[in-house]
Amino acid sequence: MRMVDVIDHKRNGSALTKAEISAFVEGYTNGEIPDYQASALLMAIYFNGMTDEEQANLTMQMLNSGDRLDLSDIPGIKVDKHSTGGVGDKTSIPLAPMVAALGIPVPMISGRGLGHTGGTLDKLEAIPGFEVERSEAEFKKQVRDIKVAIVGATGNVAPADKKIYALRDVTDTVDSIPLIAGSIMSKKIASGTDALVLDVKTGTGAFMKEEADAVKLANALVKIGKSVGMNCMALISDMNQPLGNMVGNALEIQESIAILKGEGPEDITELVMTLGSQMVVLAKKAATLAEARAKLEEVVANGSALEVFRQMIVAQGGDPRVIEDPTLMPQAKYHFELPAPQAGYVTKMTADEIGIAAMLLGGGRQAKTDVIDYAVGIELHKKVGDAVAEGESLLTIHSNTADVANIKELLYNNIEIGTDAQPIQLVHKIIK
């Protein structure tokens, strides 16, 4: 099969066969197909899209390019959650132990962040001693023993995706729904879970700025999951302002602990409960979402969810004393308030720009080689819809740099105060 013929088929709008997709994935992964031909095919996919069958075939070919985790010897329905990411999105950290406290295995393979703030793994590493790299045997033992582990990818998972993603990054084909869907689902199916809840973000701080695009992506992800027998559903949730009140790694661990104590901000607590209820129903531990939510609220109220989080910290080498004393995590040297320039209501907080402000403080990576400062970040005191008096603090900047004039300017340019505002609707749609 000639690669130029495969490119020609997709360029002219034809659906690629399973054999053509297999030839591309295998040939590019092993180095037989050059970057320039792979780039041409990616661009053709970008412009012409893919059918459901093509997406499923692409996903499975990328999945089969590497290792697949076998969790069948762990009793129970294994349930995972994946988010497309956003500013202040630390939901996995309180969510996983909450669900695990109900006896549901939650084997969570997470990633690091690039841009904005750190990823889930970076946030957990703000806990002194916490180790995210685990062997497959250690990972499975931990899930079996305490029902939860949050780790980096083990083994050689979907190497085709790593190579194709790197090419997408430099050919401006990252925001192609079929390619995004294949990338996400090849890794999630490889992780060995039985059921998956997807949190697809939309808004200024999300990859999918428009809700219609987020819905398309969610539908693609769910269809791929179901095509391989995975029980799968998706939520479309809002990312027009940061999620929760904390943006920054140690700060977000502190907020995650507050959520597990029943003391977290209303918006992120609601999202955690909504996602968690779906996970509990998929695990068949509750017949209805209302019953599932009541069970989650109970494990928070009686402290068992927090205890599972403590056990996870200990199992992964971390210092559990951070639960009662967050100052054991890195702390910023300076704290600066951002006073409101006028009275009124907060009408806008541009999520991605607030995330960029946290990144510029050192809380995220502009390049993969950047070292994250776990201590820095932004603590919000007001959200969209809140009333504010002139001079009242909108937020606190946690910094290890004395001069934050550029950060303040960026924040002022992306927070608006008007005469009237409505709170943002958090969950837009549910897709099954």
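Residues numbered from 1 in each chain as written. Predicted model: local features only at pLDDT ≥ 70, side-chain atom pairs only at ≥ 80, totals over all residues. Heavy atoms only, no water.

Under an unreviewed UniProt entry, the chain has the name Pyrimidine-nucleoside phosphorylase and belongs to Pediococcus acidilactici DSM 20284. Per UniProt, the comment on the chain under Cofactor (unreviewed entry) is "K(+)". (UniProt positions renumbered as here; feature names shortened; annotations may be inferred.)

**Student:** Got a minute to help me understand the overall build of the chain in this structure?
**Tutor:** Secondary structure assignment for the chain yields 16 helices and 13 strands. Here the chain has a C-alpha radius of gyration of 22 Å; the compact-globule value for 432 residues is 22 Å, and the two agree. Each principal axis of the C-alpha atoms in the chain carries an extent, and together these give about 70 × 45 × 40 Å. Looking at the chain residue by residue over its 432 residues, the buried ones come to 57%. Residue pairs at least 24 apart in sequence account for 79% of intrachain contacts in the chain once pairs closer than 6 positions are excluded. Roughly 17200 Å² of accessible area belongs to the chain as shown, and the carbon and sulfur atoms make up 50% of that amount. Here the chain contributes 41 positive and 57 negative side-chain charges, whose respective centroids are spaced 5 Å apart. (Helix = DSSP H or I, 4+ residues; strand = E, 2+ residues; numbered from the N terminus. Rg over C-alpha atoms; globule rule 2.2 N^0.38 Å. Buried < 20%, exposed > 50% of the residue type's maximum accessible area, 1.4 Å probe, protein only. Contact = heavy atoms within 4.5 Å. Areas by Shrake-Rupley, 256 points an atom, 1.4 Å probe, with all protein chains shown as cover. Lys, Arg positive; Asp, Glu negative; His and termini not counted. Charge placed at Lys NZ, Arg CZ, Asp CG, Glu CD.)

**Student:** Where do I start with the domain arrangement of the chain in this structure?
**Tutor:** A common way to express how large an interface is: the accessible area buried when the components associate. When its domains are assigned, the chain resolves into domain 1 (1-48), domain 2 (77-321) and domain 3 (329-416). Distance from the C-alpha centre of domain 1 to the C-alpha centre of domain 2: 32 Å. In this complex, domain 1 contributes twelve residues to the contact, which on the side of domain 2 involves twelve residues. Here domain 1 and domain 2 share an interface that buries about 1100 Å² over both sides, 76% of which is from carbon and sulfur atoms. If you sort the residues of domain 1 by the area they bury against domain 2, Tyr28, Leu42 and Tyr46 come out on top, with a joint share of 52%. Applying the counting rule to domain 1 against domain 2 returns zero salt bridges. Where domain 1 touches domain 2, the interface holds one residue pair in polar contact (both at pLDDT 80 or more). Where the side of domain 1 that touches domain 2 is concerned, the elements lending two or more residues are helix H2 (18-29) and helix H3 (35-48). The greatest single-element share of the side of domain 1 that touches domain 2, amounting to seven residues, is contributed by H3. The class makeup of the residues in the side of domain 1 that touches domain 2 is eight nonpolar, three polar and one charged. (Domains from an automatic or database assignment. Buried area = accessible area lost by both parts, 1.4 Å probe. Salt bridge = Lys/Arg side-chain N within 4 Å of Asp/Glu carboxyl O. Polar contact = N/O pair within 3.5 Å; in protein donor to acceptor, adjacent residues only side chain to side chain. Nonpolar A, V, L, I, M, F, W, Y, C, P; charged D, E, K, R; others polar.)

**Student:** Sorry, what's going on with the sheet that holds strand E4 (residues 195-202) here?
**Tutor:** In any sheet, the strands associate via hydrogen bonds between backbone groups, in a parallel or an antiparallel arrangement. Taken together, the four strands give an open sheet; going across it, the order is E1-E4-E5-E13, and neighbouring strands pair in mixed fashion. Two strands close off the open sheet at either side, each with one partner strand: strand E1 (79-83) and strand E13 (427-431). Neighbour-to-neighbour, the strand axes of the sheet open up by a mean angle of 15 degrees, direction not taken into account. Pairing of E1 with E4 involves five bridges; the strand directions are parallel. Across the sheet, aspartate 80 pairs through a bridge with leucine 196, a residue of E4. Sheet contacts for helix H10 (residues 211-227): E4, strand E5 (231-238) and E13; angle to E5, the most-contacted strand, approximately 165 degrees. (Pairing = 2+ DSSP bridges. Axes fitted to C-alpha atoms, helices over the stretch in contact; angles between N-to-C directions.)

**Student:** Explain the packing of helix H15 (residues 351-363) against helix H16 (residues 405-413) to me, please; I cannot follow it from the model alone.
**Tutor:** For any two helices packed against each other, the geometry comes down to the angle between their axes and how far apart the axes lie. Two numbers describe how H15 lies on H16: the axes approach to 9 Å, and their chain directions differ by 170 degrees. Between H15 and H16, the angle is such that the two are roughly antiparallel. Where H15 approaches H16, its residues Glu353, Ile354, Ile356, Ala357, Leu360 and Leu361 are matched on the opposing element by Ile407, Leu410 and Leu411. Taken together, the residues of the contact of H15 with H16 sort by class into eight nonpolar, no polar and one charged. (Parallel < 35°, antiparallel > 145°, perpendicular 65-115°, else oblique.)

**Student:** I keep staring at the sheet that holds strand E7 (residues 334-339) and nothing clicks. Help me out?
**Tutor:** The strand order across the open sheet built from four strands is E6-E9-E11-E7, with neighbouring strands paired in antiparallel fashion. One side of each edge strand has no neighbouring strand; the edge strands of this open sheet are strand E6 (246-247) and E7. Here E6 pairs with strand E9 (residues 377-380) via two bridges, running antiparallel. Residue pairing in the sheet places methionine 246 in a bridge with glutamate 379 of E9.

**Student:** What's the story with the side chain of threonine 91 in this structure? I'm lost.
**Tutor:** Mapped onto the elements, threonine 91 comes out in the loop between E1 and helix H5 (92-100). Residue threonine 91 is classed as buried on the basis of its relative accessible area of 0%. A polar contact is formed between the side chain of threonine 91 and the side chain of aspartate 89, at a distance of 2.9 Å. Not counting residues up to four positions away in its chain, the partners in contact with threonine 91 are Lys81, Leu243, Ile268, Leu271, Val272 and Leu275.

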